[in-house]
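# Survey of secondary and tertiary structure
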Amino acid sequence: MTREQYILATQQNSLPRTEHPQFYPVGIYGWRKRCLYFFVLLLLVTMIVNLAMTIWILKVMNFTVDGMGNLRVTKKGIRLEGISEFLLPLYVKEIHSRKDSPLVLQSDRNVTVNARNHMGQLTGQLTVGADAVEAQCKRFEVRASEGGKVLFSADEDEIVIGADRLRVTGTEGAVFGHSVETPHIRAEPSQDLKLESPTRSLVMEAPRGVQVNAAAGDLKATCRKELHLQSTEGEIFLNADTIRLGNLPVGSFSSSSSSSSSSSSSSPSSSAPRQTIYELCVCPNGKLYLSPAGAGSTCQSSSNICLWS
């Protein structure tokens, strides 16, 4: 093969063939392209709506760097302003209100505050309901705002009232089922003080004495059966301008009745005993003595009898 033939053969092979050309398209065309554009547009609209809803929620809920809404996160804890509603239990260490507003806990049924130990056991409970306020604990105390003085305390053994004055304003007064120990009982000014036991006895005891004083009124002791005034070691002292013993039987004495009684007693057929009537006399020093009634009475004449011991 000559050089010219080689060059001619190579040129014929390198020439493009223009007969029946073939094209291979690259990309998505037709209905696939339209669906892709539709999904891209739908995604864009969804993102825009989501972003708008997020901005609206942030604005409505008042989200800030310190918290959200009425909730603020501070260095001392969490601060709530306004009315807050809790649907689940709330566990906190301390609850304080603002200095210029009260703290209000409100519930449709009741408000229960529980205290538990480190093992989760219930040690104290305070329930405020529609009908009653119940407290379950080992010891219940009410203290004064100033000084922390105990005003009221109750436990299984005793109940202590530490106020300076205990006032009972009920019309029926105070009813005690057992004994009452107190150093002083008095009524309100211009009011009567009445100690009454309707069906039983009324006993007042003190190791060093019982003093009953009515500074501007009367003192009245009434009982159904017997009234006993007894002093085991001392004396019963009655100090008044006038001492009256009412509803006492009054006897009379005469010489005729004495002679008739003596004659009747001397007769063997008479069996009635002779009765002597005495007078109760009072000395200037307050002592009492008995004197035979009649002409020989010594209540007015004799003075040496008052000197007996």
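All of these numbers come straight from a predicted model, not from anything done at the bench.

Analysis parameters
Residues numbered from 1 in each chain as written. Predicted model: local features only at pLDDT ≥ 70, side-chain atom pairs only at ≥ 80, totals over all residues. Heavy atoms only, no water. Salt bridge = Lys/Arg side-chain N within 4 Å of Asp/Glu carboxyl O. Helix = DSSP H or I, 4+ residues; strand = E, 2+ residues; numbered from the N terminus. Buried < 20%, exposed > 50% of the residue type's maximum accessible area, 1.4 Å probe, protein only. Contact = heavy atoms within 4.5 Å. UniProt positions renumbered as here; feature names shortened; annotations may be inferred. Phe/Tyr/Trp six-rings, centres within 6.5 Å; stacked < 30°, edge-to-face > 60°.

## Topic: the pattern of salt bridges
Applying the stated criterion across every chain yields a total of 5 salt bridges. Measuring nitrogen to oxygen at the nearest pair gives 3.1 Å for the salt bridge that ties aspartate 164 to lysine 149. Residue aspartate 164 is found in the loop between strand S9 (159-161) and helix H3 (255-266), and its partner lysine 149 is found in the loop between strand S7 (140-143) and strand S8 (150-154); the two are separated by 15 residues along the sequence. For aspartate 164, a relative accessible area of 76% gives the class exposed. Three or more residues joined by partner-sharing salt bridges are found here, namely Arg139, Glu141, Arg143 and Asp155.

## Comments concerning the side chain of threonine 127
Structurally, threonine 127 can be placed in strand S5 (residues 122-128). Residue threonine 127 is classed as buried on the basis of its relative accessible area of 16%. Beyond its immediate chain neighbours, meaning those up to four positions away, threonine 127 contacts Asn110, Val111, Thr112, Ala132, Val133 and Glu134.

## Things to note about the UniProt feature "transmembrane region" (unreviewed entry) in the protein
Sequence positions flagged by UniProt for "transmembrane region" (unreviewed entry) are, in local numbering, residues 36-58. The span residues 36-58 is 100% helical and 0% strand by assignment, and the distance between its end C-alpha atoms comes to 33 Å.

## Here's the deal with the packing of aromatic side chains
One pass over the full model with this rule turns up 2 aromatic pairs. Note on phenylalanine 38 and phenylalanine 39: the rings are 5.9 Å apart at their centroids and 65° apart in plane angle, and the pair reads as edge-to-face. Neither residue differs from the other here; phenylalanine 38 and phenylalanine 39 are each classed as exposed.

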